Amino acid sequence: MNERYENLLTTFTLPNGVELKNRLVMAPMTHYSSNVDGTVTDAEIKYYSRRSSGVSMVITACTHVTPNGQGFHGQFASHSDEFIPSLKRVATAIKEQGAKAVLQIYHGGKMSPPELVPNGVIVSASDVPAVSGGEEGKIPKPLTESEAEEIIEAYGEATRRAIQAGYDGVEIHGANGYLIQQFFSGHSNRRDDRFGGSLEKRMAFPLAVVDKVKSVVEKHGDASFIVGYRFSPEEPEEKGITMGDTLTLVDALAEKGLDYLHVSLGEFFSTARRGVEDLSKTRIEYLLEKINERVPLIGVGSIYSAEDARNAFATGIPLLALGRELIIDPDWVQKVASGKEDEIVTKIDKEKQEELVVPDPLWNKIVNIPGWFPGI
Ligand SMILES: Cc1cc2nc3c(=O)[nH]c(=O)nc-3n(C[C@H](O)[C@H](O)[C@H](O)COP(=O)(O)O)c2cc1C
């Protein structure tokens, strides 16, 4: 191994005592390829197997914790005990290759396509529609307090299923505009009950999900079960989440006894948009400063080469996630480990679907969405 990159491959111990074999984890990525009944397909199992021997931990694609939380066609489900065998197949495939398996649990909220949810009724914190590609979606039904509580309960139930299916942990998906973020956002949340009205109250739903998940782990799991939380730092809308809001949330999350926080970013070195004093400082710098080593942070975003990873790691961040990079080159980590970092592929090769072991629906999206993956 080239000693420039040695640090990336050192072990790391999470707050709960679990040792990760290196600092590189696989970012959660939806694969759109599950059966219509919500169970996983063989193609998805092969996709995970191919990517689980280099990284220390694989965070799965998001899985919906209630039927009305499904956000994508071909998503795998975690909302009933019937899915435990299906969930177990993914955990086993990942663990057999030597990585920790972490299930990402989520609810799409207003981002769910109406045709995927019961009776076409999409739900959110308030009746503010999602906007996608400049077009407004259907107006979501605001959840009543007791419905919101049922969904909090469902995150707990999905956690119990993850434990029973043999996962090493769960990641609470509080990022990318889905339900948990909709509750935290001043744009999406216009409530005036205990789940909204002030920044503190907008944190109530996310923090209640964390408490529920932690209590289920105490009851059904053991101390080695990992609980992480993912968040998006900012939203573009006028009343949307600012970097300042996120630092307040992160401050509260850092006191929750989580095993890691995971920021969702397209660019690791992106700077804050608003809500903090110095807009030339990166979001990662602000986050590391606020967290102050109370909990490990996972960084992510366009870390294509070993040198990119080295530069990111130099910020002092303990863990890095690789997403598209591991679709483009499943041997990314092994190449660094064997001193062949110059051979890492950084652009998708359109001819190599089979070799890269990518299921058809995911592949079709990758090659048909310009600019999403380098090389397309
Ligand atoms: C195909 C694809 C699917 C994704 N699905 C999810 C998901 O299910 N959950 C999530 O939190 N992020 C998801 N993301 C975002 C990634 O986790 C990651 O933050 C993003 O791709 C930037 O990292 P990268 O530059 O390493 O790819 C997805 C990204 C891609 C490319």
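Right, let's walk through the structure included here. The structure displayed is predicted, hence computed values, not measured ones. (Residues numbered from 1 in each chain as written. Predicted model: local features only at pLDDT ≥ 70, side-chain atom pairs only at ≥ 80, totals over all residues. Heavy atoms only, no water.)

1. Here's the deal with the packing of aromatic side chains
Thought 1: Taken as a whole, this structure holds nine aromatic pairs when the rule is applied.
Thought 2: Centre to centre, the rings of Phe183 and Phe205 are 4.0 Å apart; their planes meet at 10 degrees, and the pair counts as stacked. Taken as a pair, Phe183 in helix H4 (residues 179-184) and Phe205 in helix H6 (residues 204-220) lie far apart in primary sequence, 22 residues in all.
Thought 3: Here Phe183 falls in the buried class, since its relative accessible area comes to 0%. (Phe/Tyr/Trp six-rings, centres within 6.5 Å; stacked < 30°, edge-to-face > 60°. Helix = DSSP H or I, 4+ residues; strand = E, 2+ residues; numbered from the N terminus. Buried < 20%, exposed > 50% of the residue type's maximum accessible area, 1.4 Å probe, protein only.)

2. Thoughts on the site of the ligand
Thought 1: Around the ligand, 20 residues are found, and the nearest of them are Thr30, Arg230, Ser302, Arg324 and Glu325.
Thought 2: Here an oxygen atom of the ligand sits 2.6 Å away from a polar atom, N or O, in the side chain of Thr30.
Thought 3: Residue Cys62 places a main-chain N or O atom 3.3 Å away from an oxygen atom belonging to the ligand.
Thought 4: When the ligand sits alone it has 600 Å² of accessible area, and the protein chains cover 92% of it.
Thought 5: Mapping the ligand onto the cavity grids shows that it belongs to the largest pocket.
Thought 6: Tallied by class, the residues present in the shell around the ligand amount to ten nonpolar, seven polar and three charged. (Near = heavy atom within 4 Å. Polar contact = N/O pair within 3.5 Å; in protein donor to acceptor, adjacent residues only side chain to side chain. Areas by Shrake-Rupley, 256 points an atom, 1.4 Å probe, with all protein chains shown as cover. 1 Å grid on protein atoms, 1.4 Å probe; cavity = no way out; pocket = protein on both sides within 12 Å on 5 of 7 lines; lining within 4 Å. Sits in = over half its atoms within 2 Å of the grid points. Nonpolar A, V, L, I, M, F, W, Y, C, P; charged D, E, K, R; others polar.)

3. Some thoughts on empty space enclosed by the protein
Gaps left between atoms are located by rolling a probe of water-molecule size over the structure's atoms.
Thought 1: Within the structure shown, the criterion is met by one cavity of 30 Å³ or more.
Thought 2: Lining the largest cavity, in full, are Gly174, Ile180, Gln181, Phe184, Tyr229, Phe231, Ser232, Ile241, Thr246 and Leu249.
Thought 3: Elements with a minimum of two residues in the lining of the largest cavity: H4, strand S11 (226-231) and helix H7 (243-253).
Thought 4: Ranked by residue count, the leading element in the lining of the largest cavity is H4, at three residues.
Thought 5: Residues of the lining of the largest cavity, tallied by class, amount to six nonpolar, four polar and no charged. (Points joined across faces, edges and corners; volume = space filled by probe spheres on them.)

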